[in-house]
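# Topology and contacts: notes
Residue strings, one per chain:
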Amino acid sequence: MSLTTSAIEHVAPDQASLKAANKLLSPGKWPERVVSGDSALIWGACQGSGANPYRVAVDLRDLGAKCSCPSRKFPCKHALALMLFYSSQAADFTPGEVPDWVAEWLGRRRKTVTPAKSDGETKSLAAAQQPEPAKPVDPKVAARNAAAAAKRAKATQAAIADGLADMEAWVLDQLRTGLSDLLGDLTGRCRRIASRLVDAKAGPLAGRIDGIPARVLAMPQTARADALIAELGKLVILARSWADDCDPAVRRVITGAENREDLLNNKDALRHDGLWEVLASRDETRRDGLIARSTWLLALNGAGPSFALLQDFFSASAGKQGAAFAIGEQMQANLVFYPGPMPLRAQIVDRHVVEDHTPWPALPETGDTLRAFSEALTREPWLTDVPILLPAGRLAQAGDTPIWLGGDSALPLLSNTLPDAVFGAELRQSVVLWNGHAADLLAAETNLGRYYADA
Amino acid sequence: MLEDTFSRLEAAKMRWMAGGVADASGDPLADGSDAAEAQLRLLAQAALFKQSCLRPSKPGKTALRPLLPDLELPVLPDVLRPAFRQLMQVQDRRSRQGLIGFMAARGVLAHPFDWLPPQDLNGYPDAYIALVKWNAGAEQHSAALSADSWEDMYPAERQRAFNALRATTPEIARQLMEAHAGCLPADQRLALLDCFVQGLSPGDGTYLRRLASGDRSAKVKARALGLLARLDDVEDGEDARELADFMVQTKTGLVRRRQVIDLRDKLNPAQKKRVGDLFETVSFSALASALGVVPSILAANYVTQPHTSPAPFLEMCIRSAPVDALMTYWGRMRADGAAQMHMLAAFADRLTQEQMTTQALGMINAGAVTDFGSVLDVVGPDAGRAISEALLNCDMYRTFRGDLKSALAKRAKGESDYQVTTTIAQGDAHAMMLALLLTADAARQVISDLEEAGLHNADPILRPLKFNSALQGFSP
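Residues numbered from 1 in each chain as written. Chains lettered and ligands numbered in written order. Predicted model: local features only at pLDDT ≥ 70, side-chain atom pairs only at ≥ 80, totals over all residues.

## Describing helix H22 (residues 418-437) of chain B
If you check H22 of chain B, its first and last C-alpha atoms are 29 Å apart, about what 20 residues at 1.5 Å a residue would give, namely 28 Å. Three or more residues of H22 of chain B are buried, namely Val-420, Ile-424, Gly-427, His-430, Ala-431, Met-432, Met-433, Leu-434, Ala-435, Leu-436 and Leu-437 of chain B. (Helix = DSSP H or I, 4+ residues; strand = E, 2+ residues; numbered from the N terminus. Expected span 1.5 Å × (residues − 1). Buried ≥ 20, exposed ≤ 12 C-beta atoms within 10 Å, placed from the backbone.)

## Topic: the nonpolar core
With 172 residues, the main nonpolar core has Leu-287, Val-375 and Leu-437 of chain B as its most contacted residues. Ranked by the residues each element gives to this core, the list is headed by H22 of chain B, at nine residues. Residues in contact with Val-375 of chain B, not counting those within four places in the same chain, are Met-341, Ala-360, Ile-364, Val-369, Leu-391 and Leu-437 of chain B. One finds Ile-193 and Val-250 of chain A together with Trp-16 and Leu-40 of chain B within the second-largest nonpolar core, a separate group that totals 49 residues. (Core = buried A, V, L, I, M, F, W, Y, C linked by C-beta atoms within 7 Å. Contact = placed C-beta atoms within 7 Å.)

## Remarks on unusual backbone geometry
Apart from glycine, the bulk of residues carry a negative phi angle, and the bulk of peptide bonds sit in the trans form. Here the residue pair Phe-74 of chain A and Pro-75 of chain A is connected by a cis peptide bond, since its omega of -10° sits within 30 degrees of zero. With a phi close to 65°, Lys-201 of chain A is a non-glycine residue in the positive phi region. Note on placement: Lys-201 of chain A falls in the loop between helix H8 (186-199) and helix H9 (203-210). In this structure, Lys-266 of chain B takes a positive phi of about 60° despite not being glycine. Mapped onto the elements of the fold, Lys-266 of chain B is located in the loop between strand E2 (258-263) and helix H12 (269-281). Taking the number of C-beta atoms within 10 Å as the measure of exposure, Lys-266 of chain B has 6 and is therefore exposed.

## A short note on the sheet that holds strand E12 (residues 394-398) of chain A
Residue and element names in this part refer to chain A. In spatial order, the strands read E12-E13-E14; together these three strands make up an open sheet with antiparallel pairing. Pairing within the sheet leaves two strands with one partner each, and these edge strands are E12 and strand E14 (409-412). Taken pair by pair, the neighbouring strands of this sheet meet at an average axis angle of 35°, ignoring direction. Relative to E14, strand E13 (residues 401-406) runs antiparallel, the two being bridged by four bridges. Residue pairing in the sheet places Leu-405 in a bridge with Ala-410 of E14. (Pairing = 2+ DSSP bridges. Axes fitted to C-alpha atoms, helices over the stretch in contact; angles between N-to-C directions.)

## Some points on the packing of H9 of chain A against helix H12 (residues 248-255) of chain A
All names here are of chain A. Following both chains from N to C, one finds H9 and H12 inclined at 70°, their axes separated by 4 Å at the closest point. Accordingly, the angle class assigned to the pair H9 and H12 is roughly perpendicular. Touching Pro-204, Leu-205 and Arg-208 of H9 are Val-253, Ile-254 and Thr-255, all from H12. (Parallel < 35°, antiparallel > 145°, perpendicular 65-115°, else oblique.)

None of the figures reported here should be taken as evidence of function without further support.
Written out as structure tokens, the structure reads:
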């Protein structure tokens, strides 16, 4: 099915979108470009600014488009770029089976198909392809801007230090007035100090504090005091680790992660090209209206990190975003890890889908199932959740609490919604998120095949 | 050392919980700092100590479930499990049962991580009994049904064993039921009684009469009465005479005059209700006797035309008429165009599966199909090549394709309206039912036909058909 430039210009919402799409026409940004056997559908993955690539699909019969990016423009620049690619380089698209997420979109759009509308604005791809003229830079203005930036950075640093001092004082107040009281009004009190930290430009730390009630109250009654002490103590450790030249991992927790471009340009950042399996994908709606999506990957080969966490944030008001990966999918991917003592959070540089299914790596012999967690705390003592590969075991019940049993170890599990059948399976290996008190079972290799909690 | 630290931090925890300043005097890390600093340092230690140095203790009492049992059939391979989960997410109970039944017919079971059968197993294949027992915590044992094993058997397993016993030694089965079924719930008694259609003989009469007169459940009583009627062992002469009084025997036809039996005209609502009640209890033979005709004449002369649903008379025939009389009447209904596919489903315990399929085939070829779901109810899932070929050549299939094609064409032009949306939504239901009925080759043919009609190969409408096609390797 051929696609003309004029047809793409016609469906573009405005000239700016065409221009933005034109900037995405680099094959390196598109690790995946596929066309269906009948040439009626094209889809691909475009590496945007998030950790997960955006999934883009276009129905060539009516140029309907779908993209997992949060843009409110329709079609968005990613969809336009995919169309432009196809119109000029259709031969570069590999033929493939239509994946489920495209099929689901096709099913959903049955009810919503409307013919493309033109807003009357003149849109031209040729104009979009014109290079933008370089703007002359006045050295005086540049110096003034640099000085202003340095001043702002200093003020931010001071504001954060003040905010952290306030947080320590708040922690002391809670100890003095009693943690039992705090447990009785956990959400309200956490909200108040979190607001103070937002003012102090420590938004990510405020988000972490806003999450304390959910994490602590998810614990059984008997474990809440310890969980609360662990949360508060780790806040103190974070505050004491803060300095102008502090570890980037600390800065990331308090003020936020560096952007993708900076990470990719960081020559010291750990890179690992290997085979990865998508274990789980969790969405958490945060108090600030953002949805945090965490995608957990397990390394299947190589000597690099055993796990990777891809983390993205998007606005809850933008609606449900399609997942970038299928649970259980295996891929050959080059990952770059955010620098820190315990490399875990990462971004995908490029990836290729693999057809063969590789088994999970063998677990090194160790008597201590939680050793990986202890080691992680030694490196980054403020961590809350750490993925752990567990050896052979079974699930059992201890009263109302599900537990994982293996050798001499017993780990309480968070979920009471585990399917019954998993309790009747031999777990050859399991991956859990351990938070120091309870485990969240993500996936397991069993005598009956794979189990994925999020599938 | 660890014990000391533990004790110190536990004491601090108790103090902090109540509120106040914990004793940090023995803490080397807090030594020399002011009181506030000492509290924060102690708190930081407390945060990490348990998580780093201690491990969760094994609970004193744990309940470990037995391993999942070996199943009669292989489970769905991992590669098809996502498709199965998708199909099970959106379907109603009938479709879910159909899908599970279809898979069992192809020789494969749902993966227990994805689906476990309900405890009553009602409407699901017997191959899941082991899983039901496992889920209920019942012991897996395979002893034959006997007085000793009756209590130990799980209901679904006992039902299956009872059915088998009734097929081989009906008297022993009846004696077991007489001795043990009294304390079972009504639905289980009813299910066991349903097995009496196999090997029904006058020897069952005494027990059935006892049930018909004294069982706690009205449904069990009615079922026992139906079985007695088939034995021609019902004393319902008074009711039969009352029903016969509501009927007239006249002649019809201008040239070839023939006898017909029909209800009297102008029955008032109370009389109509009474007639309905009487049809539910009176047996076919008793009615024939009250009318003064032999059963074959009643079947040959009773009117067919007013019956647009499983009419009371047809229900009475199914319940209590001899099979040849039932088939005579059914044949007349078909000839008069009054028979509908969904009525045939009620014949299940009077006809063999082969006879049911033959009847269904005849009706499909005669164009008497109005929805594929009723065909599924009659012939069951994975119905074989003959049914598949008949369905792909029937008017309803042609209409379905044609309507879908028009709707898709309209949608492509942006003329989507309520009718288009409804037609495409109905396509989902039709495709699901066809997928449960057809052979893999026929399913592939439907996929091809629907693609030709304008559906993209990836459209979710085609999912169940693709699932059918992918399961071909499991065909027995």
